[in-house]
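What follows is the residue order along each chain.
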2 protein chains.
Amino acid sequence: MDESKTKYILDEKDMPTAWYNIQADLPEPLPPLLHPVTKEPTILPPPLFVEELNKQEFSKERWIDIPEEVQSIYRQWRPTTLFRAHRLEKALDTPAKIYYKFEDSSPAGSHKPNTAVAQAYYNKKAGVKRIATETGAGQWGSALAMACMYFGLELKVYMVRISYQQKPYRRNLMEIWGAKCVASPSPDTKIGQKFYAENPNHPGSLGMAISEAVEDAATHDDTRYALGSVLNHVLMHQTVIGLETKKLMEKMGIYPDIIVGCVGGGSNAGGMFLPFVKDKIQGKKKNLRLICVEPTGSPSITKGLLAYDYGDVAGMAPIAFMHTLGHNFIPAPLHAGGLRYHGMSPIISHLVKLGYLEAKAVPQLATFESGFQFARTEGYISAPETNHAIRVAIDEALKCKQEGKSKTILLAHSGHGHFDMSAYDAYLAGKLEDFEYPEAKIKEALSQLPQIPGK
Amino acid sequence: MDESKTKYILDEKDMPTAWYNIQADLPEPLPPLLHPVTKEPTILPPPLFVEELNKQEFSKERWIDIPEEVQSIYRQWRPTTLFRAHRLEKALDTPAKIYYKFEDSSPAGSHKPNTAVAQAYYNKKAGVKRIATETGAGQWGSALAMACMYFGLELKVYMVRISYQQKPYRRNLMEIWGAKCVASPSPDTKIGQKFYAENPNHPGSLGMAISEAVEDAATHDDTRYALGSVLNHVLMHQTVIGLETKKLMEKMGIYPDIIVGCVGGGSNAGGMFLPFVKDKIQGKKKNLRLICVEPTGSPSITKGLLAYDYGDVAGMAPIAFMHTLGHNFIPAPLHAGGLRYHGMSPIISHLVKLGYLEAKAVPQLATFESGFQFARTEGYISAPETNHAIRVAIDEALKCKQEGKSKTILLAHSGHGHFDMSAYDAYLAGKLEDFEYPEAKIKEALSQLPQIPGK
C-alpha cells in the first residue's frame, strides 16, 4: 500500500448489495420491545411503520438485500471516500495513523440519507403518501426531505425548537426539497399544544418532537412515521458505512485498532461499528476497541441507566431496553443537536453491556477545539456531532504518541458543519459554553422510568 | 458506455500533470497589458506578483507542469465527479443528455482552490510571508484562506461589504482557516478610507476591494497580492477542470455539443472551456457551442464594451483589454457575489471576439428558479453563481426537446450554495429581486475609460 496517499475509494462494483443485520450474530438476543400501555412484548405499531421495516426490525437474517432502487440512489454519492489524515497526524506529531470515512458528500451532507432513502423507498412501495418525522439539528429532517423528494412523498418535520432557531438554514434545506417543517413543540398536535401552551418558546427536545411526529402519523391514515436513529432497522441501513470501510481496508491490507464514532441515537456509530463488532463476537479481533462518544450535556451511556424506558416524552412510542437519562430529561442546548436524546439505540446499549463497545463523554468546548484543529489541518469543517468523535480520535492519537505506538485509528466522519456555522461563529467569538450534566435532574428524570412488571 | 450510470470519475493516475496554456494556440495573440500610469505594455507589477506567476501570465508554452506539492493537495478532492443529471432530464422530459462536472467537493466548496493552492505554493516557494486579496461572495477568499493554511502563509482578505453582510458564514470560514477578513471599503487602506469616510456602509464592489488589496500588498514588503480570476495564470490553473472532463469523456466515448459556465471574472468557465476551445481553434469541433453566462445585473460581455480599462477602481492595477462596464461601475447587489465584476478575463473576451465563445445574460430570479429545480431533482444545492449556468443548461435542454434533438450538454458546476442559504431563504419567501442593468449608469461608467494613446 502506498502510505503517502490521501484518499481511498472502493470500486463501485465492490459496494455492498446487502445490509448487515447484527441480530443474526448476537451471543444473547436483544430484550424485546414492550407495548407502551400493556407493557407486553410488541412489534413496531403498524399504524406507524410499514410491514417491511417491521420485518427488518426483528429479523434474524444476517444479510438483507438492498433494493436496486435504493442502491441506485446510494451510488450518487457512495462509495464514500476514506481519507488518511496525514496533516492532522503531522500536527499532532503522532505515530498513529488516522483514517476518516467521509459521509459528508451526499446532498444532505451526513450519513442520514443511508437510512432515509431506504425508509422512503419501503414506504413508497407500500403505498404510503406522507411521512411524519422529528429532527434535532436538522440532519435527519433534511436527509428524509431529500429522500422523500426522490420518491415523491410528502413530508412533515417537527424540528426541536432550539435547533429550529439556531439552524434556520437546515429548515430552508428541507423546504427546498419540498418538506413542511415546524418548530416543536408546535400547536399542530395535541401533545405539542400541551407544552406550547405552557411556553410558546419552549426549547423542545427530541423526545418531545418524536411524540408529535408519532401522534401525527397515528392520526392520519395516509401517513407513516419515520425515525432517523435508535431502531434496529435504522442501524442496519447504516451498515453500508462499515461494510464499505471494511472491504476497502481489506484491499489496503490494514485493520483498525481503534474505531471512534459519535452517538446520539447511535445510528452513525452503529453503521460504522456493527460490521467490525461481528469480528469481535467471533473472537477474531479481541484487541479492537470501538468507542462511542457522547456529549457531557446528554450522557445517556456514561451517566444514565440501562433500563426499560419510553422513546418519547408522551409515552406513545414502544418501551425499549436501553441506556437512558429518563424520557423526561431535557438535554443541554448543545449545538450538536443530533446528540441531544435521552435514550440510546438498544443495539448499542446491548453491545456496551456485553462489553463489545466502550463509551466516553466529552464537553462541548473540547469538541469544537478539536473540530477547529481538524479544519486547520484537513481543511474540512465538521458537524458539531462529528467533532465529538474527532476529539476522542485526537486524544487516542496523542496517547499513541506518549506510548510510542503506531496504532490505526478509524474515525466515522458523520457529516459536514456547513449549516452549523453559527456554532463556529460562537466558538470563534469565545461565546460557546460547556454544560455540566445536571446530576439532580438526571436523578429526577430517572425516577420516572416506567414500571415494568417482573423487571 | 452504461447509459444508466449516475456518476463518472477519472482514475487518479489519469489526472492532468500539467496545466493547459491556451496562449500557445491562440490564432491571434492577446493584446498586451498596459501600465496604469505610463500606459506602456507591462508585466504584472513585481511588488504584487512573484516571478513564477508573472512568467506563467505571459508564457507561450502549451503545457506547464503542475508541481507535485500542488498535485498532492489537488488529490484530496480531485479528480472531481462528472454526474449525469438523469433526474433533471426526466423532469424536463428532454432528449438532451445533461452532465455536470462537480467542483463542490473541496473543503472550500468551489472551483477556486484549483488556483488558490497553486498561487499559495508559488508565493511560499518565493519566500513570501503574507498575501492580500479581495473577495466578492467569499468563495475566493475562503479558498485562498484554505490554501494559505496548507502552506503556512498569513492572509488578509478585503471582502465586498454587501457580501460580508449577506454571507457572514463565509467570513467564519476564512477565520477558521486562519485568515483575517474585513469588509471593503475598509478604513485599513488609503483608497478604502476614501469611500469608507463617504459612507461607512458603502456596499462596495470587487473593483474597490481589489484596489484595497493591491494597496496593502504594494505597501508591505513581506506581502504579495493574489487575484482569484481574470488573469491568464488563474484561468490556466483552472484548466484541470476541463482537462479532467475531456479525458474522462474520451474514455466514455462522448463529446459535448454544448458547454455552459457562469462568468464573473471568467475563471470557472475558462477552466472548463479552454481545453475544448483548443479543438475549435484546430478546426476539429466546429459545431461545439461554449456559452458564458453572466447576470443581467453585471452584464460585462453582453452590455459592456471591449476596450482597455483598469481592473480596479483606483487605477492602480494594470490596464487590460477586456469586456468592461467601466471600472467605476457598481454592479447590482446580486447574491451571486462572484459575478459582480465590471470587467472580464482578457482571455474570455479575446475568445468571444474571435467567435469561439458565446455569451448570455440571465436575470437573478430565473437563475434561482433553475437552481431550485436542480435541487429538487439532482438534490444538490448550488451556488447562486452556478445557478446562472444551470439556467442556460436547462434552457438549452428544453430547446432540444422542442427540436427533438438529443444533444450532450455539459455544465460546469462551479460550487455549492451551502453558505448562500440566505439567498435561498429570500427566494423561498418571495423576496428575491431582479435587477435591470442601469443603462444610464453603464453609459456613464463607460465614458470614464482610460484614454490610451494610439488606440
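All values reported here derive from a predicted model rather than from experimental measurement.

Draft legend 1. How the structure looks around helix α17 (residues 439-446) of chain A. Residue and element names in this part refer to chain A. Within α17, burial applies to Ile-442, Ala-445 and Leu-446. Seen from one end, α17 has its buried residues packed into an arc of 95°, which puts them on one side. Along α17, the residues that are exposed and aim more than 90 degrees away from the buried face are Ala-440, Lys-441 and Lys-443.

Draft legend 2. Summary view of the packing of aromatic side chains. Evaluated as defined, the whole model comprises 35 aromatic pairs over all chains. With centroids separated by 6.2 Å and ring planes inclined at 75°, the aromatic side chains of Tyr-169 of chain A and Tyr-169 of chain B adopt a geometry described as edge-to-face. Placement of Tyr-169 of chain A in helix α7 (residues 168-176) and of Tyr-169 of chain B in helix α7 (residues 168-176) is noted, with the two residues assigned to different chains. An identical accessibility class is assigned to Tyr-169 of chain A and Tyr-169 of chain B; each is buried. Plain terms: the ring middles of Tyr-100 of chain B and Phe-374 of chain B are 4.9 Å apart, the flat faces sit at 70° to each other, and that makes the pair edge-to-face. In this pair, Tyr-100 of chain B sits in strand β5 (residues 97-102) while Phe-374 of chain B sits in helix α14 (residues 364-377), placing the two residues 274 residues apart along the sequence. For the pair Tyr-100 of chain B and Phe-374 of chain B, a shared accessibility class is recorded, and that class is buried. The rings of Phe-83, Tyr-100, Phe-102, Phe-374 and Tyr-380 of chain A are connected pair by pair, giving a single aromatic cluster. The residue whose ring lies beneath Lys-285 of chain A is Tyr-255 of chain A, and the NZ or CZ to ring-centre distance is 4.1 Å.

Draft legend 3. View of the sheet that holds strand β9 (residues 223-225) of chain B. Residues and elements named next belong to chain B. Across the sheet, 4 strands lie side by side as β8-β7-β6-β9; this open sheet has parallel pairing. The open sheet has two edge strands, β8 (180-184) and β9, and neither has a second partner. The mean inter-strand angle of the sheet, taken between neighbouring strand axes irrespective of direction, is 25°. Pairing geometry for strand β7 (residues 154-160) and β8, over 5 bridges, is parallel.

Draft legend 4. Spatial organisation of the pattern of salt bridges. Residues and elements named next belong to chain B. Taken as a whole and assessed by the stated rule, the structure comprises 56 salt bridges over all chains. Residue Lys-353 pairs with Glu-28 through a salt bridge whose shortest N-O separation is 2.9 Å. A residue pair is termed long-range when its members are at least 10 positions apart, and Lys-353 in helix α13 (residues 346-353) and Glu-28 in the loop between β2 (18-20) and α1 (51-58) qualify at 325 residues. Salt-bridge contacts for Arg-289 lead to Glu-358; the nearest nitrogen and oxygen are separated by 2.7 Å. Linking Arg-289 in strand β11 (residues 289-295) with Glu-358 in strand β14 (residues 358-362), this pair joins segments that are 69 residues apart in sequence.

Draft legend 5. Fine view of the sheet that holds strand β7 (residues 154-160) of chain A. All names here are of chain A. Taken in spatial order, the 4 strands make up an open sheet running β8-β7-β6-β9, and their pairing is parallel. Of all strands in the sheet, those with a lone pairing partner are β8 (180-184) and β9 (223-225), marking the two edges. The average angle at which neighbouring strand axes cross in this sheet is 25°, direction not considered. Pairing of strand β6 (residues 130-135) with β7 involves 6 bridges; the strand directions are parallel. Residue pairing for β7: Arg-130 is matched across the bridge by Glu-154. Across the sheet, helix α5 (residues 139-151) lies against β6 and β7, angled at about 160° from β6, the strand it touches most.

Draft legend 6. Examining the interface of chain B and chain A more closely. On the side of chain A, 42 residues touch chain B, which itself brings 41 residues to the contact. When the two sides are added together, the surface that chain B and chain A hide from each other amounts to roughly 3500 Å², 59% of it contributed by carbon and sulfur. For the salt bridge of Glu-12 of chain B with Lys-7 of chain A, the shortest nitrogen-to-oxygen distance reads 3.1 Å. Taken together, the connections running from chain B to chain A amount to 25 residue pairs in polar contact (both at pLDDT 80 or more). Counting residues per element, the ones that place at least two in the side of chain B that touches chain A are α5 (139-151), α7, α14 and α16 (421-428) of chain B. A class-by-class count of the residues in the side of chain B that touches chain A yields 20 nonpolar, 11 polar and 10 charged.

Draft legend 7. Focus on the relation of the copies chain B and chain A. Note on the identical chains: chain B maps onto chain A by a rotation of 180° and an axial translation of 0.0 Å, with an RMSD of 0.0 Å. Taken together, the turn and the small shift mark the pair as related by a two-fold rotation axis. No C-alpha of chain B approaches the rotation axis more nearly than that of His-418 of chain B, which lies at 3.1 Å. Comparing interface residues between copies, 100% of those in chain B also sit at the interface in chain A, which points to an isologous, same-surface contact.

Draft legend 8. Spotlight on the packing of helix α4 (residues 113-125) of chain A against α5 of chain A. Residue and element names in this part refer to chain A. Between α4 and α5, the shortest axis-to-axis distance is 8 Å and the interhelical angle comes to 40°. Judged by the angle between their axes, α4 and α5 are oblique. For the pair α4 and α5, the sense of crossing is right-handed. Where α4 abuts α5, its residues Pro-113, Thr-115, Ala-116, Val-117, Gln-119, Ala-120, Tyr-121 and Lys-124 lie against Trp-140, Ala-143, Leu-144, Met-146, Ala-147, Cys-148 and Phe-151.

Draft legend 9. Broad picture of the nonpolar core. Within the largest apolar cluster, 161 residues are counted, with the highest numbers of intra-cluster contacts made by Trp-19 and Trp-177 of chain A together with Trp-19 and Trp-177 of chain B. Sequence-distant contacts of Trp-177 of chain A, that is, excluding residues within four places in its chain, are made with Pro-107, Ala-108, Ser-142, Ala-145, Met-146 and Met-149 of chain A together with Ala-375, Arg-376, Gly-379 and Ile-381 of chain B. One finds Tyr-20, Met-272, Ile-301 and Tyr-356 of chain B within the second-largest nonpolar core, a separate group that totals 37 residues.

Draft legend 10. Inspection of the side chain of Thr-245 of chain A at higher detail. Topologically, Thr-245 of chain A is positioned in helix α10 (residues 232-252). Those residues in contact with Thr-245 of chain A that lie beyond four places of it in its chain are Leu-82, Lys-101, Met-272, Phe-276 and Leu-410 of chain A.

Draft legend 11. Region of the structure containing the state of the cysteines. In the structure shown here, the tally under the stated rule is 0 disulfides over all chains. As a non-bridged cysteine, Cys-148 of chain B has Cys-181 of chain B as the owner of its nearest cysteine sulfur, 13 Å distant.

Draft legend 12. Examining unusual backbone geometry more closely. Omega for the peptide link from Arg-78 of chain A to Pro-79 of chain A comes to -10°, which places this bond in the cis form. Along the chain, Pro-79 of chain A falls in the loop between α2 (68-74) and β4 (82-84). The backbone of Lys-39 of chain A sits at a positive phi, close to 60°, despite the residue not being glycine. Classification of Lys-39 of chain A as partly exposed rests on a relative accessible area of 23%. In this structure, Asp-93 of chain B is a non-glycine residue whose phi angle is positive, near 50°. By the secondary structure assignment, Asp-93 of chain B is in the loop between α3 (86-92) and β5. Residue classification places Asp-93 of chain B among the exposed positions, given a relative accessible area of 54%.

Draft legend 13. Region of the structure containing the confidence of the model for chain A. Residue-level pLDDT values for chain A average 95, and 100% of them are 70 or greater. This prediction of the complex comes with two scores: 0.97 for pTM and 0.96 for ipTM.

Draft legend 14. Inspection of the packing of α7 of chain A against α16 of chain B at higher detail. Where α7 of chain A contacts α16 of chain B, the axes come no closer than 10 Å and their chain directions differ by 55°. Judged by the angle between their axes, α7 of chain A and α16 of chain B are oblique. With respect to the hand of their crossing, α7 of chain A and α16 of chain B are arranged in left-handed fashion. Where α7 of chain A approaches α16 of chain B, its residues Tyr-169, Arg-171, Asn-172, Leu-173, Glu-175 and Ile-176 of chain A are matched on the opposing element by Met-421, Ser-422, Tyr-424, Asp-425 and Leu-428 of chain B. Residue composition of the contact of α7 of chain A with α16 of chain B, grouped by class: 6 nonpolar, 2 polar and 3 charged.

Criteria and cut-off values
- Residues numbered from 1 in each chain as written.
- Chains lettered and ligands numbered in written order.
- Predicted model: local features only at pLDDT ≥ 70, side-chain atom pairs only at ≥ 80, totals over all residues.
- Heavy atoms only, no water.
- Buried < 20%, exposed > 50% of the residue type's maximum accessible area, 1.4 Å probe, protein only.
- Helix = DSSP H or I, 4+ residues; strand = E, 2+ residues; numbered from the N terminus.
- Arc of directions from axis to C-beta.
- Phe/Tyr/Trp six-rings, centres within 6.5 Å; stacked < 30°, edge-to-face > 60°.
- Lys NZ or Arg CZ within 6 Å of the ring centre and 35° of its normal.
- Pairing = 2+ DSSP bridges.
- Axes fitted to C-alpha atoms, helices over the stretch in contact; angles between N-to-C directions.
- Salt bridge = Lys/Arg side-chain N within 4 Å of Asp/Glu carboxyl O.
- Contact = heavy atoms within 4.5 Å.
- Buried area = accessible area lost by both parts, 1.4 Å probe.
- Polar contact = N/O pair within 3.5 Å; in protein donor to acceptor, adjacent residues only side chain to side chain.
- Nonpolar A, V, L, I, M, F, W, Y, C, P; charged D, E, K, R; others polar.
- Least-squares fit on C-alpha atoms with pLDDT ≥ 70 in both.
- Parallel < 35°, antiparallel > 145°, perpendicular 65-115°, else oblique.
- Left-handed = near helix turned anticlockwise from the far one by under 90°.
- Core = buried A, V, L, I, M, F, W, Y, C linked by side-chain atoms within 4.5 Å.
- Disulfide = S-S within 2.5 Å.
- pLDDT = per-residue confidence, 0-100.

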